[in-house]
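A look at the structure
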Amino acid sequence: MSLTTIKQHISRACSAFRKCYSGPWYKRFAMWLLTIAVGIILLFGAIDVNFLYLFGKSPGFDDIKNPTTNEASEIYSADSVLIGRYFNENRTPVEYEEISDKIIRTLVSTEDERFYQHHGIDFRGLISAIKDMFLGHARGGSTITQQLAKNLFRVRTRYSTGLCGHIPGVKLLVMKAKEWIVAVKLEILYSKEDILTMYFNTVDFGSNSFGIKTAARTYFGTTPEHLTYEQAATLVGLLKATSTYNPRLHPDNALTRRNTVLQSLYEHEGLIINNKPATLKQLDSIKAIPVTCVEHIEESNYDGIAPYFRRALQDYISMLCDKGLVSGTDSTNSIDLYADGLKIYTTIDTRIQKYAEESVIKQMRLVQERFDNHWRGMNPWQDERHQEIAGFIEDLAQRTSYYKYLSKRFNDHPDSIDIYLNKPHTVRLFSYDGPIEREISTLDSIRYMVSFMHCGFVAMDPHSREVKAWVGDIDFDFWKYDKVTAMRQPGSTFKLFVYTEAMNQGLTPCDRRVDEWKAYPDTIKGKPTIWAPHNANGYFTGANMPLKSAFAQSINSIAVKLGYEVGISNISRTAHAMGIQSPLNETPSLSLGSSDVNLAELVNAYCTVIADGKYNMPIMVNKIEDNEGHVLYEAKASETQAISYRSAYLMQQMLRAGLLERGGTTAALWEYIHPVLSVSDFGGKTGTSNNHSDAWFVGVTPNLVAGAWVGGEYRSIHFRTGQLGQGSRTALPVFGHFVAKLLADKRFVKYGGKFTAPKDPIDRSDWECAGYYHNPNDSLDADSILIDSEDAVEGIEEPSDMQETPEVLPEEIISETE
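Residues numbered from 1 in each chain as written. Predicted model: local features only at pLDDT ≥ 70, side-chain atom pairs only at ≥ 80, totals over all residues. Heavy atoms only, no water.

Turning our eyes to something else, we now look at the overall build of the protein chain. From N to C terminus, the protein chain includes 29 helices and 20 strands. Counting contacts in the protein chain only where the partners sit at least 6 residues apart, residues at least 24 apart contribute 72% of the total. Here the protein chain displays about 37000 Å² of accessible surface, and carbon together with sulfur accounts for 53% of that area. (Helix = DSSP H or I, 4+ residues; strand = E, 2+ residues; numbered from the N terminus. Contact = heavy atoms within 4.5 Å. Areas by Shrake-Rupley, 256 points an atom, 1.4 Å probe, with all protein chains shown as cover.)

Laid out in structure tokens, this is it:
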């Protein structure tokens, strides 16, 4: 095409343009209006399709048809109680029919009076907002649909504004245009009722309350369908500024704003009483009602029943996803507990959980009194030579975020840091009578908090492997570290696996071994040495006693002798087959429980014995559903025969022997179970680690296994004597209190029962034989033992502490660091 031809085309176009925009003024005005309208349509189309990447991506029709919102996942107990939620945004959606007409009319009259007339954009409202802005009375002009577009699709944050977004002032125009476009699409795809429902389910009402259902519960302890006019007006008033008009934080502001909303509702004839518009007198009477809220702190993921269990549940579900057991998941693709709106049906029973928590607190209050009296006038953090550990508290202080804050603030200058660490301030502390506040320093608060003894407790159904109760410590608000999953030395509770392997290799409870001193080759820190276990007080009876008596009385010498006889590696393999998942150090002292395990796996391994040798992993979840009710996971039994029926049955008799044999370490249980002996048989095993740092008890019935651990947060904090610190004195009573409460409740008698005769042919003489007991009141020679005292292990290196340092910060520093 020649230059002349191009000039001719341009000339004709200019002539046509002049012709269109010439003539009478009204014709020219109409043409300009049409041009502007077409230009706006083209501009909006260009923004929607991200023309030349100038405007950034926008939500398409598919996105709007299938919007994604962060919904809280709900956790239910086995007895159908909502025990907690996981959420980023605390939101539980509702249907339109569940929302009161009162709050719908209140919202429309306040936020968008022409909601039912416009199609996403209220041009009248927009013009009025522009006019008010020029008059100095700026106000919003967004419709409910536009607000929904902003809330639902986060067009101001989730979607970019493209290259044009870098031009000052243009970014806001592009974002506003996207809101209008999405609003129109919403009106095309959804009814007004659907739009209102989505709006009420997505809007933020403050106090970590997203959606009308959560807001109604958080502020007024009610449901959306039961909101009153004054409550509805308070919630709608919050939408203008969730902090300024928060009825808890600023009740006067909330009252003024609420009454403004009520006035607007009255003026729009939306205040309906007895099926007719309210009178001015009725309006005034509602305005006179004070703003009141239920006493409720802001909800968090930790609120609810069994917080330690719910925290452990996250890891459990993650494990299920990694194994691909939850529909649509694998090791690289998991579900989002905090946003997917799942329904998680757990195995925990709130009634059993309550008994467990009560039993823990009852016993630990007594343990703490003994501990305080035992150490009165002294600091309990001492080494194996009973010398106070220098700098113990100061070292703990250095692990706190407060110390790191001070270190950064004062450039690691020790004098300045020490001044603040020793400066008194108001501190919230734990006590068994409820939280207390004291004016003490950070170092003193750490001294106070680390002097508490701690407890973990878990109960399982041995046949289904369902976890029925889980208590991770004495108070979740002050100690988040879960003692059910904490790694500690199990002491003599580990002897279960020594004797089980002995049964595997053909021994019986009535076979005999001599209680005598003996040295064994060992290796410590890479160096060969000789290791000689001793019984609790260093004496040996020299008696040739049945294994049943040795297990019941927890004789160390025989346990170690058996360990050598059956093979330490075989014991380790059996322990893992029965349910111990932690790695085990295959040294001679393993027979006395020198290798760390946690309470959950230990109790599950004991379940294998009660379940006739069948192993299954602990079950914490029965079912998971998505937000539409589709089942994503359902628990299925997956049993394996870990040990033979014969071994399991004989070990059941051994566990019973601890209670039935004279001198058995479980004899203290009689004090607690006497009222429920008619409904159940019992058994169990105590355990105490080196220096009484860890005290254990695992108790059993034919249909229940439960275990307790008691000890200090740090291994250097413990009782100094077995009389006070052994498992039978500290941990056993937790089980005793619990099982007495549980079986006295007729609803849970099924967790008792009687041990039956063997299903397979097993000679009664294998377990029914005369036991051996040495009366500690008799004179003892150099090789005798106090039978019912607990175990100690000599020459075992203490593992380092891994627990978190309890942290108590000044309120002003908390707010400053946050």
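Continuing now.
End to end, helix α28 (residues 732-744) covers 18 Å across 13 residues, agreeing with the expected 18 Å (1.5 Å per residue, within 8%). Of all 13 residues in α28, 11 are buried; the element is thus mostly enclosed. Where α28 is concerned, the buried positions are Leu-732, Pro-733, Val-734, Phe-735, Gly-736, His-737, Phe-738, Val-739, Ala-740, Leu-742 and Leu-743. (Expected span 1.5 Å × (residues − 1). Buried < 20%, exposed > 50% of the residue type's maximum accessible area, 1.4 Å probe, protein only.)

So, about the sheet that holds strand β18 (residues 683-688). One open sheet holds the 5 strands; their spatial order is β9-β8-β20-β19-β18, and the pairing between them is antiparallel. Two strands in the sheet have a free side with no partner beyond their single neighbour: β9 (467-471) and β18. Within the sheet, the average angular offset between the axes of one strand and its neighbour, ignoring direction, is 10 degrees. With 8 bridges joining them, strand β8 (residues 453-460) and strand β20 (residues 704-712) adopt antiparallel strand pairing. Each bridged residue has a counterpart across the sheet, and for Ala-459 the counterpart in β20 is Ala-706. (Pairing = 2+ DSSP bridges. Axes fitted to C-alpha atoms, helices over the stretch in contact; angles between N-to-C directions.)

Here we take up the pattern of salt bridges. Enumeration over the complete set of coordinates arrives at 27 salt bridges. A salt bridge links Arg-85 to Glu-74, with the nearest nitrogen and oxygen atoms 3.8 Å apart. Linking Arg-85 in strand β2 (residues 82-86) with Glu-74 in strand β1 (residues 73-76), this pair joins segments that are 11 residues apart in sequence. A relative accessible area of 5% means that Glu-74 is categorised as buried. Note that Asp-596 is salt-bridged to Arg-715, the shortest N-O span being 2.8 Å. Taken together, the residues span a long stretch of sequence, with Asp-596 in the loop between α22 (568-578) and α23 (599-610) and Arg-715 in the loop between β20 and α26 (722-725) at a distance of 119 residues. (Salt bridge = Lys/Arg side-chain N within 4 Å of Asp/Glu carboxyl O.)

Bringing the side chain of Thr-197 into the picture now. If you trace the backbone, Thr-197 turns up in helix α8 (residues 192-202). Residue class for Thr-197 comes out buried when judged on its relative accessible area of 10%. With residues up to four places along the chain from it excluded, the contact list for Thr-197 reads Val-94, Glu-95, Tyr-96 and Ile-99.

The element β9 is largely enclosed, with a buried count of 5 among its 5 residues. With 4 bridges joining them, β8 and β9 adopt antiparallel strand pairing. Within β9, the position partnered with Val-458 by the bridge is Trp-470. Adjacent in sequence and paired antiparallel, β8 and β9 are bridged by 6 residues, among which Arg-465 carries a positive phi angle near 70 degrees.

Attention shifts here to the packing of aromatic side chains. With the rule as written, the count across this model stands at 28 aromatic pairs. Seen in terms of ring centroids, Phe-392 and Tyr-714 are 5.8 Å apart; in terms of plane orientation they differ by 90 degrees. Their pairing is edge-to-face. Placement of the pair is Phe-392 in helix α15 (residues 392-397) and Tyr-714 in the loop between β20 and α26, with a sequence separation of 322 residues. By the burial criterion, Phe-392 is buried, and Tyr-714 matches it. Joined through ring pairs, the aromatic side chains of Phe-430, Tyr-432, Tyr-448, Phe-452, Phe-478 and Trp-479 make up one cluster. (Phe/Tyr/Trp six-rings, centres within 6.5 Å; stacked < 30°, edge-to-face > 60°.)

Below, the discussion takes up the sheet that holds strand β5 (residues 343-346). Strand order in this open sheet of 5 strands is β2-β1-β5-β15-β16, and the pairing throughout is mixed. In this open sheet, the two strands that pair with only one neighbour each are β2 and β16 (631-634). The sheet shows a mean angle of 15 degrees between the axes of neighbouring strands, direction not considered.

Just distances and angles here, no functional claims.
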